[in-house]
Amino acid sequence: MALSVGVAVATWWRCDRLGRADEAFYVYSSPLVALAALAAFCSLRWLFTTILVAGSNLERFLNFFGKTSFGVYLMHVWALFFVDAKYGYDYQFVNPWIAIPVLALVIVLGCSLAVRGLQKLPGVRMLVPN
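The rules behind each value
Residues numbered from 1 in each chain as written. Predicted model: local features only at pLDDT ≥ 70, side-chain atom pairs only at ≥ 80, totals over all residues. Heavy atoms only, no water. Helix = DSSP H or I, 4+ residues; strand = E, 2+ residues; numbered from the N terminus. Buried < 20%, exposed > 50% of the residue type's maximum accessible area, 1.4 Å probe, protein only. Contact = heavy atoms within 4.5 Å. Areas by Shrake-Rupley, 256 points an atom, 1.4 Å probe, with all protein chains shown as cover. Lys, Arg positive; Asp, Glu negative; His and termini not counted. Charge placed at Lys NZ, Arg CZ, Asp CG, Glu CD. Expected span 1.5 Å × (residues − 1). Axes fitted to C-alpha atoms, helices over the stretch in contact; angles between N-to-C directions. Parallel < 35°, antiparallel > 145°, perpendicular 65-115°, else oblique. Left-handed = near helix turned anticlockwise from the far one by under 90°. Nonpolar A, V, L, I, M, F, W, Y, C, P; charged D, E, K, R; others polar. pLDDT = per-residue confidence, 0-100.

What follows deals with the overall build of the protein. A count of helices and strands for the protein gives four helices and zero strands. Along the protein, from the amino end to the carboxyl end, the secondary structure elements read α-α-α-α. Principal axes of the C-alpha set define a box for the protein whose edges measure 50 × 35 × 25 Å. For the protein, buried positions account for 20% of its 130 residues. Long-range pairs, those at least 24 residues apart, make up 51% of the contacts in the protein between residues at least 6 apart in sequence. Just so you have it, the protein exposes about 9,700 Å², and 71% of that area is on carbon and sulfur atoms. Averaging the coordinates of the 10 positive side-chain charges in the protein and doing the same for the 6 negative ones gives two points 14 Å apart.

Another aspect to go through is helix α4 (residues 96-119). Under the 1.5 Å per step criterion, the end-to-end length of α4 is 34 Å for 24 residues, consistent within 8% with the ideal 34 Å. Within α4, the full set of buried residues consists of Ala99, Leu103, Ile107, Cys111, Ser112, Val115, Arg116 and Gln119. Taken together, the buried residues of α4 touch α3 (57-87).

Before going further, it helps to spend a moment on the packing of helix α1 (residues 2-18) against helix α2 (residues 31-51). Contact geometry for α1 and α2: axes closest at 8 Å, N-to-C directions at 155°. With respect to their mutual orientation, α1 and α2 come out roughly antiparallel. Handedness of the crossing formed by α1 with α2: left-handed. Residues Leu3, Ser4, Gly6 and Val7 of α1 form the contact with α2, whose own contacting residues are Leu32, Val33, Leu35, Ala36 and Ala39. In the contact of α1 with α2, the residues fall into seven nonpolar, two polar and no charged.

Another aspect to go through is the environment of Leu3. Relative to the assigned elements, Leu3 resides in helix α1. On a C-alpha basis, the gap between Leu3 and Ala34 in space is 9.5 Å, while along the polypeptide they are 31 residues apart. Not counting residues up to four positions away in its chain, the partners in contact with Leu3 are Leu32, Leu35, Ala36 and Ala39.

This part is about the confidence of the model for the protein. Of the residues in the protein, 92% have a pLDDT of 70 or more, and the chain-wide mean is 80. Ranking the elements of the protein by mean pLDDT puts α2 last with 80 and α4 first with 85.

This is the structure we're talking about:
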């Protein structure tokens, strides 16, 4: 969580200095993003193996998302480019602390549904495994 907060604060600081939106600290090559991803993976793996109850709603959700996560990873950049080309990014429609997580949630949910749909098509299933 500390690394994610670090990414958010560094991004806010850079955007404030530039006077425009800049996502330099969100790119994969950013050390904070790489370390945060590794820490999140290890932490969440430990957490869910200790608290997960077989047959629970949480287990069903995690199974669903686990089957789509690689596809979401592959598709999210295309979805972001589509949203940017069609609507543009304007984080000023509401406070950016709200706008950015809302955009992320919409992209993840949209990509998850698209991936599950693609996984139902016989020929495409090879490209987007579940």
